[in-house]
Amino acid sequence: MNEKNEKNGKFMDKLESKLMPVAKVISSNKYLIAIRDGFLVSMPLLVIGSMFMLVSNFPVQPWIDFLKSTTFHGSSIASYFSNVTNATFSIMAIFAVMGIGYNYAKQEKVSPIFGAASALVSWFILMPFTTSFKPEGAAKAFQVPCVPLDWVGSRGIFIGILCAIFSVKIYKWVEDKGWTIKMPKGVPPTVGQSFASLFPIGMVIVVFFLIRIIFTITPWDNAFDCIYTILQTPLQKVGDTLGAMLGVYLFAHILWFFGIHGTNITDSVFRPILYALSAENLAALQAGQKLPHIINTQFQDLFATYGGAGSTLSLLIAAYFFCKSKRIKELSKMSIVPGIFNINEPVIFGLPIVLNPAIAIPFICVPMVNIIISYVTMAIGLVPICNGVIMPWTTPAIISGFLSSGWQGAVLQAALIALGVLLYYPFIKAIDKQYLKEEAEAENNPKDDDISLDDLTF
Amino acid sequence: MLKIITIYDQIQSGMGTKDDKMLPLGGKNVPIGPSVMMEPFLKQIDAKVVACLYCGTGTYFNDKETVGKKLCDKIQKLHPDIVLCGPAFNYKDYAQMCAEVTESINNSTDVPAFASMSAENAEVISKYKDSIHIVKCPKKGDGGLNNALENMCKVAKLIVTNQNEEAFKAYCF
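1. A closer look at the interface of chain B and chain A
Working step 1: Residue-level contacts link 31 residues of chain B with 38 residues of chain A.
Working step 2: Going through the elements one at a time, β2 (26–28), α1 (34–37), β3 (47–54), α4 (64–78) and α7 (145–160) of chain B are the ones with two or more residues in the side of chain B that touches chain A.
Working step 3: It is α4 of chain B that contributes the most residues to the side of chain B that touches chain A, 4 residues altogether.
Working step 4: The residue makeup of the side of chain B that touches chain A, split by class, is 14 nonpolar, 12 polar and 5 charged.

Shown next as structure tokens:
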């Protein structure tokens, strides 16, 4: 037994020493942190935008017809709702670019608000300010000048990430060189700051002005088409596969086992791709087309785990109904309600799950099983693909499944939670048995007389 | 065998989330939370966690004096070889509680105690690092927890066996 423990210990040390550097590189990478935190800026806007989207597209046909046919001052009620969606989802990349520029500037210790401004201005310089428009009855489409919704939505995200980071880098480089206008003392700081950023912003604009010109001689004609074709589309294709989703979650959960916030780390790489995929689904939903991507933000948030990382809601249900040891009973009683809202800190540290080999196998495997079953049921059409409506991560399962994939989504979630209970059961029972033994020993051991109180009371 | 008592907040004891601050003072005579994670390292130093005391951070800050005194009285009565307060990660309130409770135990009982927290608690660390031992641990969700727990066990052993402070200085702030 001891030999086995020693072997396990050595294996864990080896695994930790292999994974730790990767986790460290990702979690301390300035660009990735800026991207992750930048996307958080768009999150509340997308959640609220989703609510409006949800009301106007609630999956009951008479309701949808009612909103479409009832008018107020000449416009249908549905069109008022879609104004909000247009101001949030359709221009989501603007929030992301602004957020990433802001956060990256913060990391580089330059003015965050001017970082955000540099990011936006550089991105807009590269953006083709036209869209093709074909009037009814016309033979060909015209290029009409405008800010194209096509590019300020999900399709502009990756070029936006690059612009945000590169522009702030230029800004910082100029500032570090000392090429700034310094105002005399007594000038209000905001005025001083706006003069100080004159040259750095100027350099950003000049550089991107040149980049814009250079791109006109490439086959893509502009940077947006280029990055969308050679970077975003391939990444989305890779991201929208079962293998990628499984790989990401496997990595995240092994990290969790070592006490590292795994999804936080994988999110900084994977979330931009998921966002783009979700936005395309939502656009399809709005246009009444077939939803294109099974894997997306909602798939990860709503169908991979229930109750937080490791799908610990299943674990808690198994513990609550089938375990007898005082520790586990009490823990499950206290943690099951937060668990319903996907908060699982008490279980992660309290049971514990971190560094506890006895529960590692189901903790890592249950999310994998959830992902595979959800993917397959959506692929064969048994459950509708997630519609792109973004919900706060605390939305309880079954409700979230219903809002995202209709009643089939709710049933799938309930079934997966139940399956998780079965998978966790033998493992939590084994721990329970061990704990019961320890508790009995502690009670019957007169050696530690004072400590052998049942529950220590004060 | 080295007898250890640990002191946890509501989260580390698994008794609640950060919002369940008012968890009353309590204890278990079996290992819970991080004490279970420490098991392989406890074996290495031939030690056992004989009890885990816990208290919500709100309960503690509501009436520091009474709660602190109750904890010290309990420790004196149970009389372990050493008390571990933490790991508190970057939980600000819990780190503060750990530092204060460690100091009270050191001052009012004959049982030695030390705390553990992450560098993010800079204020607490600078205020207390000269009066108590604070073992370094990562912030929540960062790498190196395994190592920190091992170091806590090593420090426990070194303090109990009256080793010179130099022997464990590297593990502390």
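2. Looking at the nonpolar core
Working step 1: Among the nonpolar cores identified, the biggest contains 173 residues, and V97 of chain A together with C98 of chain B are the most heavily contacted of them.
Working step 2: When residues of this core are assigned to their parent elements, the largest contribution, 11 residues, is made by helix α5 (residues 92–107) of chain A.
Working step 3: Composition of this core by domain shows at least three residues from each of domain 1 (9–31 + 240–443) and domain 2 (90–238) of chain A.
Working step 4: When neighbours within four sequence positions are excluded, V97 of chain A is seen to be in contact with A119, L120, W123, G160, C163 and A164 of chain A.

3. Details of the environment of C172 of chain B
All names here are of chain B.
Working step 1: Topologically, C172 is positioned in the segment after α7.
Working step 2: Overall, C172 belongs to the partly exposed group, with 18 C-beta atoms counted inside 10 Å.
Working step 3: Sequence separation between C172 and I134 is 38 residues; the distance between their C-alpha atoms is 5.3 Å.

4. With respect to unusual backbone geometry
Working step 1: Residue L351 of chain A is joined to P352 of chain A through a cis peptide bond whose omega torsion reads -10 degrees.
Working step 2: One can find P352 of chain A in the loop between α17 (345–350) and α18 (357–379).
Working step 3: The amide bond that connects G86 of chain B to the next residue, P87 of chain B, takes the cis arrangement and shows omega of 10 degrees.
Working step 4: If you check the backbone angles, S311 of chain A has positive phi at about 55 degrees while not being a glycine.
Working step 5: If you trace the backbone, S311 of chain A turns up in the loop between α14 (297–304) and α15 (312–322).
Working step 6: With a phi close to 55 degrees, N162 of chain B is a non-glycine residue in the positive phi region.
Working step 7: Its location among the elements puts N162 of chain B in the segment after α7.

5. Remarks on helix α11 (residues 223–239) of chain A
Turn by turn, an α-helix covers 3.6 residues, leaving residues three or four places apart pointing in a common direction.
All names here are of chain A.
Working step 1: With 17 residues, α11 ought to run about 24 Å at 1.5 Å a step, and its terminal C-alpha atoms sit 22 Å apart, in line with that.
Working step 2: Of all the bends in α11, the largest measures some 35 degrees and sits at T229.
Working step 3: Tucked inside the fold, the buried residues of α11 contact α6 (112–126), α7 (149–152), α8 (157–177), α10 (198–216), α12 (242–257) and α13 (262–286).

6. What to know about helix α4 (residues 77–88) of chain A
Residue and element names in this part refer to chain A.
Working step 1: If you check which residues of α4 are buried, you get S82, T85 and T88. Looking straight down α4, one finds that the buried residues subtend no more than 115 degrees of arc, so they occupy a single side. Opposite the buried face of α4, by more than 90 degrees, sit the exposed residues N83 and A87.
Working step 2: Against the buried residues of α4 lie α2 (30–56), α5 and α13.

7. Digging into the confidence of the model for chain A
Working step 1: Looking at chain A, the pLDDT average stands at 89 and 95% of residues meet or exceed 70.
Working step 2: Confidence over residues 447–455 of chain A falls short of pLDDT 50; this stretch has 17 contacts with residues more than four positions distant or in other chains.

8. Considerations on the confidence of the model for chain B
Working step 1: Looking at chain B as a whole, the pLDDT averages 94, with 100% of positions reaching at least 70.
Working step 2: On the interface metric, ipTM, the complex scores 0.81, and its pTM is 0.84.

9. Some thoughts on the domain arrangement of chain A
All names here are of chain A.
Working step 1: Structurally, chain A comprises domain 1 (9–31 + 240–443) and domain 2 (90–238).
Working step 2: On a C-alpha basis, the centres of domain 1 and domain 2 stand 36 Å from each other.
Working step 3: Only α2 and α13 provide two or more residues apiece to the side of domain 1 that touches domain 2.
Working step 4: Of all the elements, α13 adds the most residues to the side of domain 1 that touches domain 2, at 7 residues.
Working step 5: Residue composition of the side of domain 1 that touches domain 2, grouped by class: 8 nonpolar, 1 polar and 3 charged.

10. Notes on the environment of F66 of chain A
All names here are of chain A.
Working step 1: Note that F66 resides in helix α3 (residues 61–69).
Working step 2: Exposure remark for F66: the 13 C-beta atoms within 10 Å place this residue in the partly exposed category.
Working step 3: On a C-alpha basis, the gap between F66 and G99 in space is 38 Å, while along the polypeptide they are 33 residues apart.

11. Quick look at the packing of α2 of chain A against α4 of chain A
Residues and elements named next belong to chain A.
Working step 1: Closest axis-to-axis distance for the α2/α4 pair is 9 Å, and the angle between their directions is 155 degrees. In terms of their interaxial angle, α2 and α4 are classed as roughly antiparallel. Two packed elements cross with a definite hand, and for α2 against α4 that hand is left-handed. Between α2 and α4, the residues in contact are L45, L46, I48, G49, F52, M53, V55 and S56 and A78, F81, S82, V84, T85 and T88, respectively.
Working step 2: Grouping the constituent residues of the contact of α2 with α4 by class yields 9 nonpolar, 5 polar and no charged.

Calculation rules
Residues numbered from 1 in each chain as written. Chains lettered and ligands numbered in written order. Predicted model: local features only at pLDDT ≥ 70, side-chain atom pairs only at ≥ 80, totals over all residues. Contact = placed C-beta atoms within 7 Å. Helix = DSSP H or I, 4+ residues; strand = E, 2+ residues; numbered from the N terminus. Nonpolar A, V, L, I, M, F, W, Y, C, P; charged D, E, K, R; others polar. Core = buried A, V, L, I, M, F, W, Y, C linked by C-beta atoms within 7 Å. Buried ≥ 20, exposed ≤ 12 C-beta atoms within 10 Å, placed from the backbone. Domains from an automatic or database assignment. Expected span 1.5 Å × (residues − 1). Bend = angle between axes of the 7 residues up to and from the residue. Arc of directions from axis to C-beta. pLDDT = per-residue confidence, 0-100. Axes fitted to C-alpha atoms, helices over the stretch in contact; angles between N-to-C directions. Parallel < 35°, antiparallel > 145°, perpendicular 65-115°, else oblique. Left-handed = near helix turned anticlockwise from the far one by under 90°.

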